[in-house]
Amino acid sequence: RSEMSPAPEIGVAVFILKDNKVLFGRRRSLSIGAYTYALPGGHLEFGESFEECAAREVKEETGLEIKDIELLTATNNLLSDSVHLVIIYMRAQLCDPDQTPQNIEPDKCEGWDWYDINNLPEPTFGPLREMLQGGFNPFPTAS
Ligand code: 8DG
Ligand code: MG
Ligand code: MG
């Protein structure tokens, strides 16, 4: 890996499901997707499973404890000449449905709230918006 040959980044993003809502937070200016609403998540660390990364990032960013962590899908997004993201999307449930999210990294996020995915907070982070507007549904299908 060098400055001359950038590598793809691996991000893990988590749909935390509560009733029929999902947790989103508005990103601050420092990061990719500045000022857009995105899911809690972050970079996969060396040696980590997707589930471990999801639980760790959610805890670091929101304080929430999650369970039933499942892999949903992945997207491959070339955002610019120098930014190539592979995003792994997970879903999870709250261990305690009454636990409320805390804004633990206020330098990175304006705050967390629950939103209906049919009524997305705007602007939504690009790759996420494309996926959801394309009809992707993170909720388990009713049987
Ligand atoms: P870290 O330093 O804590 O490991 O990472 P982070 O600061 O929490 O990373 P991040 O920007 O939140 O997320 C990692 C990558 O995933 C970043 O390149 C942007 C990308 N990404 C998406 N969609 C989403 C999303 O919905 N939520 C989050 N958090 N990241 C996303 O493409
Ligand atoms: Mg993080
Ligand atoms: Mg993050």
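Refer to the structure presented above.
In what follows, the accompanying structure is described. These numbers were taken from a predicted model, which means no experiment stands behind them.

The rules behind the values
- Residues numbered from 1 in each chain as written.
- Chains lettered and ligands numbered in written order.
- Predicted model: local features only at pLDDT ≥ 70, side-chain atom pairs only at ≥ 80, totals over all residues.
- Heavy atoms only, no water.
- Near = heavy atom within 4 Å.
- Polar contact = N/O pair within 3.5 Å; in protein donor to acceptor, adjacent residues only side chain to side chain.
- Areas by Shrake-Rupley, 256 points an atom, 1.4 Å probe, with all protein chains shown as cover.
- 1 Å grid on protein atoms, 1.4 Å probe; cavity = no way out; pocket = protein on both sides within 12 Å on 5 of 7 lines; lining within 4 Å.
- Sits in = over half its atoms within 2 Å of the grid points.
- Phe/Tyr/Trp six-rings, centres within 6.5 Å; stacked < 30°, edge-to-face > 60°.
- Helix = DSSP H or I, 4+ residues; strand = E, 2+ residues; numbered from the N terminus.
- Buried < 20%, exposed > 50% of the residue type's maximum accessible area, 1.4 Å probe, protein only.
- Salt bridge = Lys/Arg side-chain N within 4 Å of Asp/Glu carboxyl O.
- Donors = N, O, S within 2.8 Å, 3.2 Å for Na, K, Ca; no water.

### Digging into the site of ligand 1
Near ligand 1 there are 18 residues, and of these Glu 9, Arg 27, Leu 39, Glu 61 and Lys 108 occur at the shortest range. Between ligand 1 and Leu 39 there is a distance of 2.6 Å, counted from a nitrogen atom to a backbone nitrogen or oxygen. Take His 43: an N or O atom from its side chain is 3.1 Å from an oxygen atom of ligand 1. Here ligand 1 has 610 Å² of accessible area as a free molecule, and 87% of this is covered by the chains. When atoms are counted within 2 Å of each cavity's grid points, the one that captures over half of ligand 1 is the largest pocket.

### Some thoughts on the packing of aromatic side chains
Following the criterion strictly, the structure yields 4 aromatic pairs and no others. On the numbers, 5.9 Å between centres and 35° between planes, the contact of Phe 15 with Tyr 89 is tilted. Here Phe 15 is found in strand S1 (residues 9–18), whereas its partner Tyr 89 is found in strand S6 (residues 84–94), with 74 residues between them in sequence. One exposure class covers both Phe 15 and Tyr 89, and it is buried. Geometrically, the ring pair formed by Phe 24 and Tyr 115 is edge-to-face, given 5.9 Å between the ring centres and 75° between the ring planes.

### Some thoughts on the pattern of salt bridges
For the coordinates displayed, the defined rule picks out 7 salt bridges. Glu 65 is paired through a salt bridge with Lys 59; the nearest N and O atoms lie 2.8 Å apart. The exposure class assigned to Glu 65 is partly exposed, which follows from its relative accessible area of 39%. In this structure, Glu 70 engages Arg 91 in a salt bridge whose closest nitrogen and oxygen atoms are separated by 2.7 Å. One end of the pair, Glu 70, is in strand S5 (residues 66–78); the other, Arg 91, is in strand S6, and 21 residues separate them in sequence. On the accessibility criterion, Glu 70 (37% relative accessible area) is partly exposed. Linked by salt bridges that have partners in common, Glu 45, Glu 48, Arg 56, Glu 57 and Glu 60 make up one network.

### Let's talk about the coordination of the magnesium ion (ligand 2)
At the metal site, the magnesium ion (ligand 2) is ligated by Glu 57 (OE) and Glu 61 (OE), and these contacts range over 2.0 to 2.4 Å. A gap of 3.4 Å separates the magnesium ion (ligand 2) and the magnesium ion (ligand 3), which Glu 61 links by coordinating each metal. Here Glu 57 pairs with Glu 61, and both are found in helix H1 (residues 50–62), just 4 residues apart, close to one helical turn. Like Glu 57, the residue Glu 61 is buried in the burial classification.

Don't take any of this as a statement about function, it's just geometry.
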